[in-house]
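Coordinate inspection notes
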Amino acid sequence: MGRRWVAVTAKPGRIFRTPAPAAARALRGARLEKAGRRGKVLLLEFDGGKVLLVHLGMSGQVLLVPPAEHPEGHVHLEAALDDGRKLVFRDPRKFGFYRLAKAGETDSLRELAGIGTDPTAPGFTWEKFSADLRARKGALKPLLMDQSFFGGIGNIYSDEILFASRLRPMRGVETLTPVEAKDLFHSVRDVLASAIGCGGTSFDEAFTDVYGKPGLYGGRLAVYGKQGEPCGHCSTELKLIRSGGRSSVFCPHCQK
DNA sequence: CGAGTACCCTGTTGGC
DNA sequence: TGCCAACAGGGTACTC
């Protein structure tokens, strides 16, 4: 934070939603003043009213490394900092994106339009959650992953949240009792807080913080990726279902 | 309009 | 052992 980007290179490609060369030119000499987030989108705010939007997709990574280090493969953006270090943005599968915007226009960008309440922010209250729930219908799983419902939850944590609240992925929102709804609310907060506290979930060396350190939540996953294994609570075999091209794992005994 | 599906992309994994 | 198909994932665009 507060570092100036003294040299910037951006590799043109589909992943850049604004022309890469222009973005690199605009960011050269800019000072990073604030790093924020809206849902899964990172917002890097620079002096001069420039904002860089970064979505890491599923394989995106940002690394802070010494200048002599050259992380391998699929580097899309690289910035030399005025303290001698280097920021490297990678994304092998290119499901993410980069966009350079002006500070004033971020609210009108389609990348940020309709991203719901952040479930880790103070604005995420029981009152808000229960009101939002009542306005929806359909299965819980796609709802949790719907970025307009709340921003930032993907496949891993939606499965874990549903297990923690003992609700099945395909359970209809409109069938929840008040007690179940409240359970769900607390599970959203608890699961996310504990996952963030662990530094997230790392499947391999690509899921790390900027220093290359992996997250430790993987060891605490209850259901995600564990189809066929016994449930940690009741030993029933965990089942996998597929819906809308996305997989969900749940315990047929614990989750109703 | 809602639900379902194909596509984008590439590294990893499982089956033959 | 080696090759190739299948799969994973978020978001969008499309069809039924």
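Our structure is the block above this text.
Notes on the structure in this doc start here. (Residues numbered from 1 in each chain as written. Chains lettered and ligands numbered in written order. Predicted model: local features only at pLDDT ≥ 70, side-chain atom pairs only at ≥ 80, totals over all residues. Heavy atoms only, no water.)

**Some words on the overall build of chain A**
Per the secondary structure count, chain A includes 5 helices and 10 strands. Rg of the C-alpha trace for chain A: 20 Å, near the compact-globule value of 18 Å for 256 residues, within the 12% margin. Viewed in the frame of its principal axes, chain A has a C-alpha envelope of about 55 × 35 × 30 Å. Counting every position in chain A, which comprises 256 residues, the buried fraction comes to 43%. (Helix = DSSP H or I, 4+ residues; strand = E, 2+ residues; numbered from the N terminus. Rg over C-alpha atoms; globule rule 2.2 N^0.38 Å. Buried < 20%, exposed > 50% of the residue type's maximum accessible area, 1.4 Å probe, protein only.)

**Considerations on the sheet that holds strand β8 (residues 97–102)**
Sheet architecture is open: 4 strands sit in the order β2-β3-β4-β8, paired in antiparallel fashion. Either end of the sheet is taken by a strand with one partner, and the two such strands are β2 (32–38) and β8. In this sheet, neighbouring strand axes are inclined to one another by 20° on average, regardless of whether the strands run parallel or antiparallel. Of the strand pairs in this sheet, β2 and strand β3 (residues 41–46) are connected by 6 bridges, and their pairing is antiparallel. Opposite R37, over in β3, you have L42 as the bridge partner. Running at roughly 55° to β8, helix α1 (residues 20–27) makes contact with β3, β4 (50–55) and β8 of the sheet. (Pairing = 2+ DSSP bridges. Axes fitted to C-alpha atoms, helices over the stretch in contact; angles between N-to-C directions. Contact = heavy atoms within 4.5 Å.)

**Thoughts on the protein's contact with DNA strand C**
DNA strand C sits among 13 residues. The nearest are M58, R93, Y224, R242 and R246. When atoms of DNA strand C within 4 Å of the protein are sorted by moiety, sugar and phosphate together comprise 44%. In this structure, a phosphate oxygen belonging to DNA strand C sits 3.0 Å away from a side-chain N or O atom of H55. With respect to DNA strand C, the side chain of S247 contributes an N or O atom lying 3.0 Å from a phosphate oxygen. Of the residues in the surface near DNA strand C, the class split is 4 nonpolar, 5 polar and 4 charged. (Near = heavy atom within 4 Å. Polar contact = N/O pair within 3.5 Å; in protein donor to acceptor, adjacent residues only side chain to side chain. Nonpolar A, V, L, I, M, F, W, Y, C, P; charged D, E, K, R; others polar.)

**Remarks on the sheet that holds strand β1 (residues 5–10)**
Overall, antiparallel pairing links the 4 strands, which are arranged β1-β6-β7-β5 in an open sheet. Since the sheet does not close on itself, it has two edges, and those belong to β1 and β5 (61–65), each with one partner. Sheet twist, expressed as the average angle between the axes of neighbouring strands with direction ignored, equals 15°. Relative to strand β7 (residues 86–90), strand β6 (residues 75–81) runs antiparallel, the two being bridged by 5 bridges. Residue pairing in the sheet places L77 in a bridge with F89 of β7.

**A word on the pairing of β8**
Counting buried positions along β8 gives 5 out of 6 residues, so the element sits mostly inside the fold. Of the pairings in the sheet, the one linking β4 to β8 comprises 6 bridges and is antiparallel in character. The residue bridging V51 from the neighbouring strand is A101, located in β8.

**Concerning helix α2 (residues 126–134)**
Among the residues of α2, F129, S130 and L133 are the ones counted as buried. Within α2, the buried residues cover an arc of 90° as seen down the axis, which keeps them to one side. Among the exposed residues of α2, those oriented more than 90 degrees off its buried face are E127 and R134. For α2, the secondary structure elements touched by its buried residues are α3 (140–145) and α5 (178–197). (Arc of directions from axis to C-beta.)

The values reported here are purely geometric and, on their own, carry no functional implication.
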